[in-house]
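Okay, here's what each chain looks like letter by letter:
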Amino acid sequence: MSNIVDPLVERIAARVRTERERRRWTLAQLADASGVSQAMISRIERAESSPTAVVLGKLSAAFQLSVASLLALAEGAPDDTEGAAGVRRLTDTAEWRDPATGYRRRQITGPRFPAEIAEIHLPAGARVPYPAAAFAFVRQVVWVLDGRLTFHDGGTVHELDAGDTIELGEPAERVFANTTDSECRYVVVLTRGTTP
């Protein structure tokens, strides 16, 4: 595992544990709510295992957070208590990598910015499904920068090319898939709403 990812895995571990404890849930209660085994949650919380994007989707849905929100909270710089505006250098930004698919995600905005913006690199052949609950209480736009994204929005499939965008509606099961032989790069822009 690279030096860039190690600190992020530890911050994800701390964020999952904090969100669980904030709700006063046991490991068993989070396992029931998310469909992720107690053993896996325990390994994630101890930073012994890097969760996959699918597992993060299930955990974020149980917490009623988007995956972007869960990761943005974890990715926020540890010393960013003031939420200061300014330049964020690429070299200072953590990148999370899904150990199962190679999907890479980098948070563009800081934790105090009113919209969450993330850059995603989806490798050739990768497929990342999320439950509908991961999209509750958020408004989201996906903007394809390079390559082609096959986006499953409930029962509807959209083929998105570079420059295409899709604004997501009501929560539905969604799949981000790259059915091509080259990487797809896209941006997710997310704001919190008041109703799912």
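Right above here is the structure, for reference.
Everything numeric here is computed off the predicted structure, so don't read it as measured data. (Residues numbered from 1 in each chain as written. Predicted model: local features only at pLDDT ≥ 70, side-chain atom pairs only at ≥ 80, totals over all residues. Heavy atoms only, no water.)

Peer 1: Tell me about the pairing of strand 3 (residues 116-122), residues and numbers included.
Peer 2: Each regular strand displays side chains that alternate between the two surfaces of the sheet. Where burial is concerned, most of strand 3 is hidden: six out of the seven residues are buried. Relative to strand 3, strand 2 (residues 104-107) runs antiparallel, the two sharing four bridges. Looking at the pairing, Q107 lines up with A118 of strand 3. Looking at chain direction, strand 3 and strand 10 (residues 184-192) are connected through seven bridges and run antiparallel. Within strand 10, the position partnered with E119 by the bridge is V187. (Buried < 20%, exposed > 50% of the residue type's maximum accessible area, 1.4 Å probe, protein only. Helix = DSSP H or I, 4+ residues; strand = E, 2+ residues; numbered from the N terminus. Pairing = 2+ DSSP bridges.)

Peer 1: Run through empty space enclosed by the protein, naming residues and quoting values.
Peer 2: Using the criterion set out here, one finds two cavities of 30 Å³ or more in the structure. Each pocket or cavity is described by its volume, and for the largest cavity that value is around 160 Å³. Going through the elements one at a time, helix 5 (67-75), strand 3 and strand 10 are the ones with two or more residues in the lining of the largest cavity. Of all the elements, strand 10 adds the most residues to the lining of the largest cavity, at three residues. (1 Å grid on protein atoms, 1.4 Å probe; cavity = no way out; pocket = protein on both sides within 12 Å on 5 of 7 lines; lining within 4 Å. Points joined across faces, edges and corners; volume = space filled by probe spheres on them.)

Peer 1: So what's going on with the sheet that holds strand 3? Which residues, and what values?
Peer 2: Taken in spatial order, the six strands make up an open sheet running 1-2-3-10-5-8, and their pairing is antiparallel. Edge positions in the sheet fall to strand 1 (95-97) and strand 8 (165-168), since each of these pairs with one other strand and no more. When the angles between neighbouring strand axes are averaged without regard to direction, this sheet yields 20 degrees. (Axes fitted to C-alpha atoms, helices over the stretch in contact; angles between N-to-C directions.)

Peer 1: Break down the nonpolar core for me, citing the residues and quoting the values.
Peer 2: Here is a general trend for soluble globular proteins: nonpolar side chains tend to be buried in one another's company. Ranked by internal contacts, the top residues of the largest apolar core, which has 44 residues, are L59, L122, Y130, L149, F176 and Y186. Of the residues forming this core, the biggest block, seven residues, is contributed by helix 4 (residues 53-63). (Core = buried A, V, L, I, M, F, W, Y, C linked by side-chain atoms within 4.5 Å.)

Peer 1: Could you give me a rundown of the pattern of salt bridges, with the residues and numbers involved?
Peer 2: All chains considered together, the criterion is met by 14 salt bridges. E183 is the salt-bridge partner of R104, the closest N and O atoms lying 3.3 Å from each other. Of the two residues, R104 sits in strand 2 while E183 sits in the loop between strand 9 (174-177) and strand 10, which places them 79 residues apart along the sequence. Across the pair D161 and R148 runs a salt bridge whose closest N-O atoms are separated by 3.1 Å. Taken together, the positions of D161 in strand 7 (residues 156-161) and R148 in strand 6 (residues 148-153) put the pair 13 residues apart, joining distant regions of the chain. (Salt bridge = Lys/Arg side-chain N within 4 Å of Asp/Glu carboxyl O.)

Peer 1: Residue-level account of the packing of aromatic side chains, with values.
Peer 2: All chains considered together, the criterion is met by six aromatic pairs. Between W96 and Y103, the ring centres sit 5.8 Å apart and the planes meet at 75 degrees, which makes this aromatic pair edge-to-face. No difference in accessibility class separates W96 from Y103, as the two residues are buried. Here the aromatic rings of F176 and Y186 are separated by 5.5 Å at their centres, their planes lie at 5 degrees, and the arrangement is stacked. Here F176 is found in strand 9, whereas its partner Y186 is found in strand 10, with ten residues between them in sequence. With a relative accessible area of 1%, Y186 lands in the buried category. These aromatic residues form a ring-pair network of at least three members: Y130, F135, F151, F176 and Y186. A cation over an aromatic ring shows up here: R23 above the ring of W25, its NZ or CZ 5.9 Å from the ring centre. Sitting over the face of the ring of F135, R174 holds its NZ or CZ atom 4.6 Å from the ring centroid. (Phe/Tyr/Trp six-rings, centres within 6.5 Å; stacked < 30°, edge-to-face > 60°. Lys NZ or Arg CZ within 6 Å of the ring centre and 35° of its normal.)

Note that every value here comes from positions in space, so none of it alone points to a role or purpose.
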